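The lines below spell out each chain.
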Amino acid sequence: MSRPPRYHLTSYGCQMNKLDAELVESRLVAAGYESAASDADADVVLLNTCSVRQHAEDRVWSRLGVLRARKRREPGLVVGVLGCMAQEHQRYLLARMPHVDLVVGPSAFGDIDVKVGEARARNAEKSGDGKQGAHVLAVGEGVSGDAIVRDPRVRPHRSQAWVSVMRGCNMPCSYCIVPSTRGQEISRPIDVVVEEVQRLCDDGVTEITLLGQTVNAYGRDLSRDVTLARLLHALHAIPALRRIAFITSHPNFLSPDLIDALADLPRVARFLHLPAQSGSDRMLKAMRRGYTVARYLSRVEQLRARAPQIALHSDFIVGYPGETEADFEATVELMERVRFAQSYVFKYSPRPGTLSAEQADDVPEDKKAERNAILLQVQERHIQADAQALVGTVQEVLVEGESKVDGRWTGRTVHHRLVHFPSSDRVVAGCYLPVRVTQALGHSLLGELLAEDHAVLPAGATA
Ligand code: SAH
Ligand code: SF4
Ligand code: F3S
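Since the structure is predicted, the reported quantities are computational estimates derived from the model, not experimental observations.

**Points about the pairing of strand S7 (residues 160–164)**
Working step 1: The element S7 is extensively covered by neighbouring structure, given that 4 of its 5 residues are classed as buried.
Working step 2: Pairing of S7 with strand S10 (residues 207–211), which is carried by 5 bridges, proceeds in the parallel orientation. Along S10, the bridge assignment pairs Ala161 with Ile208.

**So, the domain arrangement of the chain**
Working step 1: In terms of domains, the chain is made up of domain 1 (6–138), domain 2 (152–387) and domain 3 (390–449).
Working step 2: Opposite the 20 residues of domain 1 that make contact, domain 2 presents 21 residues.
Working step 3: Buried area between domain 1 and domain 2, summed over both chains or domains, comes out near 1,900 Å², and the portion from carbon and sulfur atoms is 58%.
Working step 4: Three residues, Met16, Glu22 and Arg53, lead the burial of domain 1 against domain 2; their summed loss comes to 32% of the area buried on that side.

**Observations regarding the packing of aromatic side chains**
Two aromatic rings are characterised by how far apart their centres lie and by the angle between their planes.
Working step 1: What the rule picks out here adds up to 7 aromatic pairs.
Working step 2: Ring plane angle 50° and centroid distance 6.5 Å describe the contact between Tyr296 and Phe340, whose orientation is recorded as tilted. Here Phe340 lies in the loop between helix H11 (325–338) and strand S14 (342–347) and Tyr296 lies in helix H10 (residues 293–306), a separation of 44 residues in the sequence.
Working step 3: Note on Phe340: relative accessible area 0%, which makes it buried.
Working step 4: When the centroid spacing of 5.3 Å and the interplanar angle of 65° are considered together, the rings of Tyr320 and Tyr348 count as edge-to-face. You can see Tyr320 sitting in the loop between strand S13 (311–318) and H11 and its partner Tyr348 sitting in the loop between S14 and helix H12 (365–390), a full 28 residues away along the chain. Neither Tyr320 nor Tyr348 differs from the other in exposure class; each is buried.
Working step 5: The ring of Phe346 carries the charged tip of Arg53 above its face, separated from the ring centre by 3.7 Å.
Working step 6: The ring centre of Tyr432 lies 3.9 Å from the NZ or CZ of Arg242, which sits over that ring.

**Some words on the site of ligand 2**
Working step 1: Every residue close to ligand 2 is listed here: Cys169, Met171, Cys173, Tyr175, Cys176, Val178, Pro179, Gln213, Thr214, His250 and Arg289.
Working step 2: Class assignment of the residues belonging to the shell around ligand 2 gives a composition of 7 nonpolar, 3 polar and 1 charged.

**Considerations on the side chain of His382**
Working step 1: Mapped onto the elements, His382 comes out in helix H12.
Working step 2: The residues contacting His382, other than those within four sequence positions of it, are Met335, Glu336, Arg339 and Phe340.

**Points about the nonpolar core**
Working step 1: Leu210, Leu232 and Phe246 are the most contacted members of the largest nonpolar core, which totals 55 residues.
Working step 2: The contact partners of Leu210, leaving out residues within four places of it in the chain, are Val163, Val165, Val215, Leu228, Leu231, Leu232, Leu235, Ile244, Ala245, Phe246 and Ile247.

**Focus: helix H1 (residues 15–30)**
Working step 1: With 16 residues, H1 should reach 22 Å at 1.5 Å per residue; the first-to-last C-alpha distance of 23 Å fits that figure.
Working step 2: Considered for burial, the residues of H1 that qualify are Met16, Asn17, Leu19, Asp20, Ala21, Glu22, Leu23, Val24, Ser26 and Leu28.
Working step 3: Of the residues trailing H1, Gly32 is marked for its positive phi of about 100°.

**Some details on the environment of Asp366**
Working step 1: One can find Asp366 in helix H12.
Working step 2: Judged by relative accessible area, which is 58%, Asp366 ranks as exposed.

**Section: the state of the cysteines**
A disulfide bridge is the covalent bond that connects two cysteines by way of their sulfur atoms.
Working step 1: By the definition in use, this model includes 0 disulfides.
Working step 2: Here Cys431 stays unpaired: no disulfide links it, and the sulfur of Cys201, its closest cysteine neighbor, is 17 Å away.

**Things to note about unusual backbone geometry**
Working step 1: Here the bond from Ile247 into Thr248 is cis, since omega is 0°, no more than 30 degrees from zero.
Working step 2: As for its position among the elements, Thr248 is in the loop between strand S11 (243–247) and helix H8 (256–264).
Working step 3: If you check the backbone angles, Gln277 has positive phi at about 70° while not being a glycine.
Working step 4: Mapped onto the fold, Gln277 is located in the loop between strand S12 (271–273) and helix H9 (281–287).
Working step 5: A positive phi angle, near 60°, is found at Arg288, a position not held by glycine.

Calculation rules
- Each chain carries its own residue numbering, running from 1 in the written order of its sequence.
- A letter from A marks each chain and a number from 1 marks each ligand, given out in the order of writing.
- With the structure being a predicted model, the display of local features is reserved for residues of pLDDT at least 70 and the display and counting of side-chain atom pairs for 80 or more, all residues being used for whole-chain, interface and lining totals.
- Side-chain metrics rest on all non-hydrogen atoms present in the structure, leaving aside hydrogens and water.
- Classification of residues uses two cut-offs on accessible area relative to the type maximum, computed with a 1.4 Å probe and protein chains only: under 20% is buried, over 50% is exposed, and between them is partly exposed.
- Counting from the N terminus, the helices are the DSSP runs of H or I reaching at least four residues and the strands are the DSSP runs of E reaching at least two.
- Strand pairing is assigned whenever DSSP detects at least two bridges linking the two strands.
- For the domain bounds, the source is a domain assignment made automatically or taken from a database.
- The contact criterion used is simple: two residues touch if any of their non-hydrogen atoms lie within 4.5 Å.
- A 1.4 Å probe defines the accessible area here, and the buried area is the portion of it lost by two parts on being joined, summed over both.
- For Phe, Tyr and Trp, where Trp contributes only its six-membered ring, two rings pair if their centres lie within 6.5 Å, and the inter-plane angle classes them as stacked under 30 degrees, edge-to-face over 60, or tilted in between.
- Two conditions define a charge located above a ring, namely a distance within 6 Å from the ring centre to NZ of Lys or CZ of Arg, and an angle within 35 degrees of the ring normal.
- Here a residue counts as near a molecule or strand whenever at least one of its heavy atoms sits within 4 Å of it.
- Polarity classes work like this: nonpolar for Ala, Val, Leu, Ile, Met, Phe, Trp, Tyr, Cys and Pro, charged for Asp, Glu, Lys and Arg, and polar for all others, with Gly in that last group.
- Working definition of a nonpolar core: buried Ala, Val, Leu, Ile, Met, Phe, Trp, Tyr and Cys residues. They are joined through side-chain atoms within 4.5 Å.
- In this analysis, the expected span of each helix is defined as 1.5 Å times one less than the number of residues it contains.
- Only a pair of cysteine sulfur atoms within 2.5 Å qualifies as a disulfide here.

Printed below as a string of C-alpha cells:
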C-alpha cells in the first residue's frame, strides 16, 4: 500500500492568514493527508500568501522561482498559491508562474482538499505525456475557511486558539489592499462563535484571540444588537476561558460599550491594538482613515479614564506620499504622548489598484528607512521604561513553551508581554503561573517562579 500523500504549508501573512492555514490543514488532514516536516518531503507544497506590502509578495515570487526548478524534475509535485496574492493576481500568477497548479483565494477554502485532489490527479495523468495540464483557479466569492467545521485539535498551541469573528473589510484606507483581497465584511453570528469557542475549550483551550481586520466593527452587517461588546459578554460566560483577546481595532469604532467591556470584564485581555497610522491630520486625511489626531487622542483618554490598565498597541506607516518632516514630527509627537506598549512600523509600499498608488511614491527609500528607525527608537525607549517599571512585580503568566535559551520557559502576561523564567517540574505549556519579574531584557522580561498559591496582583495594578 502506498503511503498517504504529504503536504507542506507556509503562511506569509497576518493572523487571519495563519488561521486560514490551520483551517486548510484541518481539511487536508481530514481527507487523509499527512503533514511533511519540510517542503522537500512534500507531494503538495502550499504557500498561503499576503499582498499587504511588496516585500511580502517578493518572498513568495522568489520561493515560486525555486519551486519551478524542482517541478521540472518532479512533474507530479503539486504547487499551490493560496490566500491574498491568489485573489489579487489570479491569472497573472499562472501566466508568470506556469508551474503553479492551484490558485485559491481566501474566499474559496471550503473544499480545498477536493481542489488539491484534482490537481494531484491531473498531474499524475500529465506526467505520462509531459504536457501541461489545466490549472485550478478558485477566486472571488466562494466558501471561506470559516465554513470549515473546525477540528479543535488542529492548532499550534494546546491552550491558545485564534477564532475568526468576521472576514473582509469595508474601510476605505487609501493605501490598503486588504478590502480587495478579502472582500466585504461578513460577521459570524454570536452563537456560532460561542459554539466554536466552547468546542475549543472542551479540547483544552483557555485563551482565545478573536480575529477581524476591524474587529470592533464586528456585527454591523448583522444587526444593531450584535456588537463586539455583546460577543465579549457572551464569551465571558464560558467558565473555562481565562483570557479573551481581540485584534485589530479601528479607532472609529472604539465605542463606550466596548470601553465598558474592557473595564468590567476581568478575563478580557489587558491590551488593545488600535493602529493610529500617523500623527499628522494631513496624512490621516490623505490615508482616508476617518479620524483626526485630536479624535484619536480623545478616544484614548476615554479609554484610559475608564480602564487605565489597558496597554495600547499601534501600527504606523512612514513615507506615505507627500509626508513632510513636519508630518513625521507630528507622528513622533503622537507616539510620545500616547506611549504605546508596542508598535509595528511599516515603510509605505504602493499597492497597485489602491487609491494612493495613483500618487507618486515620492518619499525616498532612505528617508523611509530613517523615519522607520526613529519611530522604532522612540518605541524602544518606551518599552524599556515600561519593562523597568515592572521589575519586582508579580505577573500571571500563561506558559507557551520552552524558550530558545536552554533551561528556560516562555509565556505571556495578560498584557501580552513576553516573560522568560527558569524551568521547574511544575512547568508545562498551558498552565498559568505566578512569576516575579527580576529583569527587563530587550523586548521581554526575565522572571522567577513563585509558589503556586502566591497571590497575583489584580491585572493592571502593575502596568
Ligand atoms: N486591519 C488592520 C490592519 C491591516 S494591515 C487595521 O486597519 O489596523 C496591517 C498594517 O499594515 C496596517 O495597520 C498598516 O499599518 C500596514 N499597511 C497596510 N497597507 C500598507 C501599505 N500599502 N504600505 C505599508 N504598510 C501598510
Ligand atoms: Fe486596511 Fe484600513 Fe481595512 Fe485596516 S481598516 S484592513 S488598514 S482598509
Ligand atoms: Fe496580508 Fe491578506 Fe492578511 S494581504 S495582511 S494576508 S488579509
